Structures are given as structure tokens and as C-alpha cells.
Amino acid sequence: MIASLAGLLAQVDADRCVIDVNGVGYLVFASTRTLSALPQPPERARVLVETVVREDAILLYGFADASERDWFRVLTAIQGVGAKVALGLLSTMSPSELIAAISSADKASLTRAPGVGGKLAERLLTELRDKTPKMPGGGSGTATASIVAQRGAENTIESDALLALAGLGFRRAEAWPVVGKLIAEAGDSAALDAIIRDALKELAR
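Because the structure is a prediction, the values reported are computed rather than measured. (Residues numbered from 1 in each chain as written. Predicted model: local features only at pLDDT ≥ 70, side-chain atom pairs only at ≥ 80, totals over all residues. Heavy atoms only, no water.)

With respect to the packing of helix α2 (residues 66-76) against helix α4 (residues 95-103)
α4 packs onto α2 with a crossing angle of 45° between their chain directions and a minimal axis gap of 10 Å. Put simply, α2 runs oblique to α4. Only Pro95, Leu98, Ile99 and Ile102 of α4 make contact with α2, whose side of the interface consists of Ser67, Glu68, Trp71 and Leu75. Taken together, the residues of the contact of α2 with α4 sort by class into 6 nonpolar, 1 polar and 1 charged. (Axes fitted to C-alpha atoms, helices over the stretch in contact; angles between N-to-C directions. Helix = DSSP H or I, 4+ residues; strand = E, 2+ residues; numbered from the N terminus. Parallel < 35°, antiparallel > 145°, perpendicular 65-115°, else oblique. Contact = heavy atoms within 4.5 Å. Nonpolar A, V, L, I, M, F, W, Y, C, P; charged D, E, K, R; others polar.)

As C-alpha cells, this is what we get:
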């Protein structure tokens, strides 16, 4: 089983790359996020690898970091999510954005990924909701997001702020952790206009 590859980056395509290791070229499928993090050929590159063995082929999937690889493993364990769909999700959303989308039940963000329809998005939300607190990639915002989530739908400031930001073109998956953090920091003194104003500053960075 191949766990990682390090060698000369020979070629980069839309959904794959070739890494030359001592004269042997390994074809590695990857997300656009990982591919964009690679150096320009023919510089040296290193990727973490998940090896998938099928009846007709042995396929290699590469990742820039362990959090993306771990998410790939979790996603492909769900019925209806093959490697191609998992890479599509990881190309569309970072691990932290996936955590935010699942924690906030943001079905719309999940369906932006190629191959993810409404029913599959519902399955992802149902099966991954309890797993996200243990998944890597959430950063410092994960704990705050969990606190906000416990407040439920009665938190009208959060809901109204998210609606306002959505009207300004910000996706719920990216706005929700920011709004949650700001509300948690403000506590009982949280005001809608201040939350929206500060969130816009954070999101514009």
C-alpha cells in the first residue's frame, strides 16, 4: 500500500498529475485544491496517497495534507459517494468549509459539488453530522460554531445576519463560522447591525 509519493512533478492536468519517482511515473488523481498547491513541473513534489484497489485497476489519490485525505476516507465510506464525487466535494469546499456546511445543515453548499444532488446532500448531512466534531480542518472556529449551533433556531440575530450576508453574495458555509464567532464574543450585547458590519470586515479579508 502506497502512503505517500515524493519525486519530480512531470505533469499536471485538470483532475490528476504524474509524479516521477526514480524513473517511474505514478498517475495520481487529486482535487483542484491539491493540484493548485503543487509546484510547477518539473519541480519536486510530495503528496499523501490513498490507494484504492478495484478489480480492474489500482488507483492512487493524492492529497496536499492529512485533513483532506481523512475527509476523502470518510466521504467514500458513505453510500453513493465514490472517489470522483469525494474529490468533487473537496475541490468545491475545504475541510473547514465542509465542517461548517454540515454543522449548519447547509444543503445548498453541498449540492454545488459535481455529482451531489439533493438526496445525496441529505444523506451527507444525516451521516456526517455526528462526525464533524472529530474531523480535522475545523480550526479554532469549530468550538465556537458548536456553541452557536446549540442555541438552535431561536437565535434570530444569527439567522438574520446570515440572511443579510447571503443577500450580499456570501455563502452560508463561509459566513456561518464568522457570524457564530462574533455572536459568541459579543455575548448578551450582540446587536444585529454590529454583527453584520464586523462579519463583512472579516469576510472581506
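Now that the structure has been shown, the text picks up again.
Thoughts on the pairing of strand β1 (residues 4-12)
The pairing of β1 with strand β4 (residues 44-53) spans 5 bridges and is antiparallel. Paired with Leu5 across the bridge in β4 is Val47. In the sheet, β1 pairs with strand β2 (residues 16-21) via 4 bridges, with the strands oriented antiparallel. In the strand pairing of β2, Gln11 is matched with Val18. (Pairing = 2+ DSSP bridges.)

Considerations on the layout of surface pockets
Each pocket or cavity is described by its volume, and for the largest pocket that value is around 300 Å³. Forming the boundary of the largest pocket are 16 residues, of which Asp15, Ala83, Lys84, Leu87 and Gly88 lie nearest the centre. Considering every element that reaches the lining of the largest pocket, the biggest residue donor is helix α3 (residues 83-92), with 6 residues. Along the lines of polarity and charge, the residues of the lining of the largest pocket split into 9 nonpolar, 4 polar and 3 charged. (1 Å grid on protein atoms, 1.4 Å probe; cavity = no way out; pocket = protein on both sides within 12 Å on 5 of 7 lines; lining within 4 Å. Points joined across faces, edges and corners; volume = space filled by probe spheres on them.)

What about the pattern of salt bridges?
This structure, assessed with the given rule, holds 9 salt bridges. One salt bridge connects Arg54 with Asp56, and the closest N-O pair in it is separated by 3.3 Å. Exposure remark for Arg54: the relative accessible area of 45% places this residue in the partly exposed category. Overall, the relative accessible area of 61% leaves Asp56 in the exposed class. Through salt bridges with shared partners, one network takes in Glu50, Arg69, Asp70 and Arg73. (Salt bridge = Lys/Arg side-chain N within 4 Å of Asp/Glu carboxyl O. Buried < 20%, exposed > 50% of the residue type's maximum accessible area, 1.4 Å probe, protein only.)

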